[in-house]
Amino acid sequence: MSTLLSTIASPKDLHPLSDEQLTQLAQEMRDELVRVLSIRPAHFASNLGVVELCLALHLTFDFTKDRLIWDTGHQIYPHKLITGRYPQFETLRTRGGLMGYPNPHESPYDLFMTGHAGCSVSCALGLKAGDDLLGHGDNHSVAVIGDGALPSGIVFEAFNNAGELGKNLLVILNDNKMSICPRVGGLARNCLEQARLTNFYQDAKRQLQQLLARLPLVGGMANQAIDQVLDGLKASLSGGMLFEEMGLKYFGPVDGHDLPSLRSWLAQIKDQKGPVLLHVLTEKGHGVLQASEDPVTYHTPPVFEKVGPARTIVSLRRGGAKAYTDAVSTAIYQAMANDPRVTVITAAMCQGNKLEKVRTDFPTRFFDTGICESHAVAFAAGLAKAGGRPIVDIYSTFLQRSFDQLFQEVALQNLPVTFCLDRAGLTGPDGPTHHGTFDTPYLRLFPNFVIMAPGDELDVAPMLRFALDQPCPVALRYPKANLEKVERGLAPVELGQAEIFEWGPDGVLIAYGSLFPACVKAAERLRSEGLDIGVINARFVKPLDRQTLLRAVEQLPLVVTVEEGTLEGGFGSALLEAANAAGLDTRHIHRLGIPDRFIEHGERAELLADLGLDVDGICETVRKANRVENWNTGRIEEIR
Ligand SMILES: Cc1ncc(C[n+]2csc(CCOP(=O)(O)OP(=O)(O)O)c2C)c(N)n1
């Protein structure tokens, strides 16, 4: 069927369209979102909510020279649909297909590859300052930021700087009252809710002015008094005052689904001098009843069945298997039930971390800081200093935002904060912004930290209990994956102790974390081929079990370390450092892990296979290394 959407090869094709055609186009864009996302889990409700805003921006500005940054970038799909990527839209988030976030390799309309919240205003301001400095013409710079991302500290750092620089900058605040979960915090409660009432203020002002016009002339004094009353009213009602006081001109709030009105607002403020904030009210999930009624579930729903043109979803197909996140949230719940000192802190990821039950049953010990990871970590340090046992439950990739708080507020004070690093490893379709591949090296840097990784499901609960008993900071990392179990007589979790699963005279696979079950399977296969390879579940990278691991290095002809993390400074590097410090030969140590490049998106299993980190890949490394070892040994014999 020929559609309007299929005729939009670039934003310039939008301009000839009438208002009615634009309304039809918006519908077609939502239909396409529903069609593709019904077969491919992706960010749904946020994208449905910004269709008109996206059209209005591309109709008002020329982003071949103007600048546009979508904060976080998870709501970029309508923008992709009208910037030449509609034909590939079905490949979204698949290996080799379109990325689920902005990607400059796909289109010049995407400026930064992003996925982490909060940086849009800084980048847009920097672009404007750079464009002005380098004489790139009188262009516009626009940042679109959600009310969930707004409280990130860096946004206010950018506002502060924008107020000082006075550059022309347009910030669109896309206010849908939601983060992934309902938004939290004083900014939303006191400022944004108040700003919504500004409509009331504007109406009141208009009515009073009309009333005044009809009254007999009472002179300038009365007018002035009424103005003062109104200004007082505005100050008490308008959350926009906060932005004004920081130096941004505040406009709105305006209806973000009324395209003609949005266009007219944008046209009016486009050429305002200095930084401007336009407050746009949208509905998350707009156009799909179920998504607008339950935007939490429909933030990233599983695949679903739909019927009819009314975009009605009839059923969501949820997977049945339990994931590491489930095991950790259950262990957290248990720890909170057992010890009233235990608290849990999430930075806006209650749903992703499956903490809803904890939130309901322990409301006074559950803290959602909003998308404010650095605050979350320093806040946890405060809780620990006061005698609490805080758990920061956080995605590995987002903990990067707290690097300095890990150093100063936690490690330097040696405070007992436990970090549960969810999604540590390859996170799959989200891609390079979300893979949690760097935590091992950046945490290893800091004295006082204990760092470990469960080898399978059986390790999870004992490790969390162990962590909460330590007098120092502890991190445990686990993947975005279904739980796996290696049946064995489980060794207790003890500080810096690896677990020897089996010892083999031909060599050993030393697994740090999630790939332990794959190593066990690889060893079984290799045994059937005549190679007797052992497996060690390393459990700790810091402190490292020097005794067990260096014995393996000393005694065995082949040692292969296996980790789902970067090789730069990871577990394998830690073993090499320890072996070197002990004066051991390290030439027979092979390290398997993630190489020094950003890994694209795709299913986790596909990515692991690409990197030689699945059972086949591990076996192949051992076979190859074994051939080289034999060849070397033969050659040495020959030379002798
Ligand atoms: C630094 C960081 N922390 C957490 C997330 C996870 N996350 C992705 S979208 C989102 C909610 C964003 O809310 P908002 O900005 O209001 O956008 P909306 O989805 O409501 O349109 C969160 C918490 C992230 N992407 N980056």
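Please refer to the structure higher up on the page.
The structure reproduced in this document is the subject of the present report.

Parameters and conventions
Residues numbered from 1 in each chain as written. Predicted model: local features only at pLDDT ≥ 70, side-chain atom pairs only at ≥ 80, totals over all residues. Heavy atoms only, no water. Pairing = 2+ DSSP bridges. Helix = DSSP H or I, 4+ residues; strand = E, 2+ residues; numbered from the N terminus. Axes fitted to C-alpha atoms, helices over the stretch in contact; angles between N-to-C directions. Contact = heavy atoms within 4.5 Å. Salt bridge = Lys/Arg side-chain N within 4 Å of Asp/Glu carboxyl O. Buried < 20%, exposed > 50% of the residue type's maximum accessible area, 1.4 Å probe, protein only. 1 Å grid on protein atoms, 1.4 Å probe; cavity = no way out; pocket = protein on both sides within 12 Å on 5 of 7 lines; lining within 4 Å. Points joined across faces, edges and corners; volume = space filled by probe spheres on them. Nonpolar A, V, L, I, M, F, W, Y, C, P; charged D, E, K, R; others polar. Phe/Tyr/Trp six-rings, centres within 6.5 Å; stacked < 30°, edge-to-face > 60°. Core = buried A, V, L, I, M, F, W, Y, C linked by side-chain atoms within 4.5 Å. Parallel < 35°, antiparallel > 145°, perpendicular 65-115°, else oblique. Expected span 1.5 Å × (residues − 1). Polar contact = N/O pair within 3.5 Å; in protein donor to acceptor, adjacent residues only side chain to side chain. Near = heavy atom within 4 Å. Areas by Shrake-Rupley, 256 points an atom, 1.4 Å probe, with all protein chains shown as cover. Left-handed = near helix turned anticlockwise from the far one by under 90°.

### Observations concerning the sheet that holds strand β1 (residues 67-70)
Next, step 1: Spatially, β1-β2-β3-β5-β4 is the arrangement adopted by the five strands of the open sheet, whose pairing is parallel. Edge positions in the open sheet fall to β1 and β4 (249-255), since each of these has one partner strand only. Adjacent strand axes in the sheet meet at a mean angle of 20 degrees when their direction is disregarded.
Next, step 2: Strands β1, β2 (141-146) and β3 (169-175) of the sheet are contacted by helix α5 (residues 120-133), whose axis makes an angle of about 175 degrees with β2.

### Details of the pattern of salt bridges
Next, step 1: Per the counting criterion, the structure on display carries 40 salt bridges.
Next, step 2: Where Arg35 meets Glu90, a salt bridge forms, and the shortest distance between an N and an O atom there is 2.9 Å. Taken as a pair, Arg35 in helix α1 (residues 19-39) and Glu90 in the loop between α4 (77-81) and α5 lie far apart in primary sequence, 55 residues in all.
Next, step 3: What makes Glu90 partly exposed here is its relative accessible area of 37%.
Next, step 4: Between Glu606 and Arg95 there is a salt bridge, and its shortest N-O distance comes to 3.8 Å. Here Glu606, found in helix α23 (residues 604-610), pairs with Arg95, found in the loop between α4 and α5; they are 511 residues apart in sequence, far enough to count as distant.
Next, step 5: Owing to a relative accessible area of 29%, Glu606 belongs among the partly exposed residues under this scheme.

### Regarding helix α22 (residues 571-581)
Next, step 1: Every buried residue of α22 is listed here: Phe571, Gly572, Ser573, Ala574, Leu575, Ala578 and Ala579.
Next, step 2: Next to the buried residues of α22 lie α18 (439-444), β15 (507-512), β17 (540-542), α21 (546-555), β18 (559-566) and β19 (589-594).
Next, step 3: Residue Gly583 follows α22 closely and has a positive phi angle near 75 degrees.

### Let's talk about empty space enclosed by the protein
Next, step 1: The full count for this structure, using the stated rule, is three cavities of 30 Å³ or more.
Next, step 2: If you add up the space inside the largest cavity, you get close to 90 Å³.
Next, step 3: Here the lining of the largest cavity is composed, by residue class, of seven nonpolar, three polar and three charged.

### Quick look at the packing of aromatic side chains
Next, step 1: Tallying each qualifying case throughout the model produces 19 aromatic pairs.
Next, step 2: Taken together, a centroid distance of 6.2 Å and an interplanar angle of 45 degrees make the contact between Phe44 and Tyr298 tilted. In this pair, Phe44 sits in the loop between α1 and α2 (45-48) while Tyr298 sits in the loop between α12 (289-293) and β6 (304-307), placing the two residues 254 residues apart along the sequence.
Next, step 3: For Tyr298, a relative accessible area of 7% translates into the label buried.
Next, step 4: By the ring-pair criterion, three or more aromatic residues cluster together here, those being Phe156, Phe159, Phe243 and Tyr250.

### Describing the nonpolar core
Soluble, globular proteins show a tendency: their nonpolar side chains are buried together.
Next, step 1: Residues Leu25, Phe44, Leu55, Leu57, Phe89, Leu170 and Ile172 are the most contacted members of the largest nonpolar core, which totals 54 residues.
Next, step 2: The leading source of residues in this core is α1, at eight residues.
Next, step 3: In contact with Leu170, other than residues within four places in its own chain, are Phe61, Ser141, Val142, Ala143, Leu266, Ile269, Val276 and Leu278.
Next, step 4: Grouped together as the second largest cluster of nonpolar side chains are 49 residues, Val392, Phe398, Leu399 and Ala552 included.

### Re the packing of α21 against α22
Next, step 1: Remark: α21 packs on α22, axes separated minimally by 10 Å, with the N-to-C direction vectors making an angle of 80 degrees. Compared by their axis directions, α21 and α22 come out roughly perpendicular. Counting all contacts with α21, which are made through Arg546, Leu549, Leu550 and Val553, the residues of α22 involved are Phe571, Leu575, Ala578 and Ala579.
Next, step 2: Of the residues assigned to the contact of α21 with α22, the class counts are seven nonpolar, no polar and one charged.

### Thoughts on helix α13 (residues 324-338)
Next, step 1: Its 15 residues give α13 an end-to-end C-alpha distance of 21 Å, which sits within 8% of 21 Å, the value for a rise of 1.5 Å per residue.
Next, step 2: Every buried residue of α13 is listed here: Tyr324, Thr325, Asp326, Ala327, Val328, Ser329, Ala331, Ile332, Ala335 and Met336.
Next, step 3: Close packing links the buried residues of α13 with β8 (342-346), α14 (356-361), β10 (389-395), β11 (418-422) and α19 (457-469).

### Notes on the environment of Ser292
Next, step 1: Of note, Ser292 is situated in helix α12.
Next, step 2: In sequence terms Ser292 and Thr330 are 38 residues apart; their C-alpha atoms lie 30 Å from each other.
Next, step 3: When sequence neighbours within four positions are dropped, the list of residues in contact with Ser292 reads Glu283, Lys284, Gly285 and His286.
Next, step 4: A polar contact is formed between the side chain of Ser292 and the backbone oxygen of Leu289, at a distance of 3.0 Å.

### What to know about the site of the ligand
Next, step 1: Near the ligand you find 21 residues, and of these Ser46, His74, Gly115, Gly148 and Glu373 are the closest.
Next, step 2: At 2.9 Å from an oxygen atom of the ligand is found a side-chain nitrogen or oxygen belonging to Asn176.
Next, step 3: Contact with the protein chains removes 98% of the 590 Å² of surface that the ligand exposes when unbound.
Next, step 4: Considering only residue class, the shell around the ligand consists of eight nonpolar, 10 polar and three charged.

### Some words on the side chain of Asn174
Next, step 1: Looking at where Asn174 falls in the secondary structure, it is placed in strand β3.
Next, step 2: Judged by relative accessible area, Asn174 falls into the buried class, the value being 7%.
Next, step 3: Those residues within four positions of Asn174 in sequence are excluded, and the remaining contacts are Val50, Leu53, Val144, Ile145, Gly146, Asp147, Val280 and Thr282.

### A look at unusual backbone geometry
Next, step 1: The omega torsion across Gly252 and Pro253 is 0 degrees, close enough to zero to call that bond cis.
Next, step 2: Topologically, Pro253 is positioned in strand β4.
Next, step 3: The peptide bond linking Lys542 to Pro543 adopts the cis configuration, its omega dihedral lying at -5 degrees.
Next, step 4: With respect to the element layout, Pro543 can be found in the loop between β17 and α21.
Next, step 5: Its identity is not glycine, yet Lys177 carries a phi of approximately 65 degrees, on the positive side.
Next, step 6: Within the secondary structure, Lys177 sits in the loop between β3 and α7 (186-196).
Next, step 7: Positive phi outside glycine occurs at Arg539, with the angle close to 60 degrees.
Next, step 8: Relative to the assigned elements, Arg539 resides in the loop between β16 (533-537) and β17.

### Quick word on the layout of surface pockets
Any space left empty among the atoms is revealed by the rolling of a water-sized probe across them.
Next, step 1: Quantified by volume, the second largest pocket comes out at close to 360 Å³.
Next, step 2: Lining the second largest pocket are 22 residues, with Met113, Thr114, Gly115, Pro432 and Thr433 positioned closest to its centre.
Next, step 3: The set of elements that each furnish at least two residues to the lining of the second largest pocket consists of β1 and α5.
Next, step 4: Looking at side-chain class alone, the lining of the second largest pocket contains nine nonpolar, 11 polar and two charged residues.

### Considerations on the packing of helix α3 (residues 51-60) against helix α11 (residues 259-269)
Next, step 1: Contact geometry of α3 with α11 gives a least axis separation of 9 Å together with a crossing angle of 40 degrees. Between α3 and α11, the crossing angle belongs to the class labelled oblique. Judged by the sense of rotation from one axis to the other, the crossing of α3 with α11 is right-handed. On α11, the residues that touch Glu52, Leu53, Leu55, Ala56, Leu57, Leu59 and Thr60 of α3 are Leu259, Leu262, Arg263, Leu266 and Ala267.

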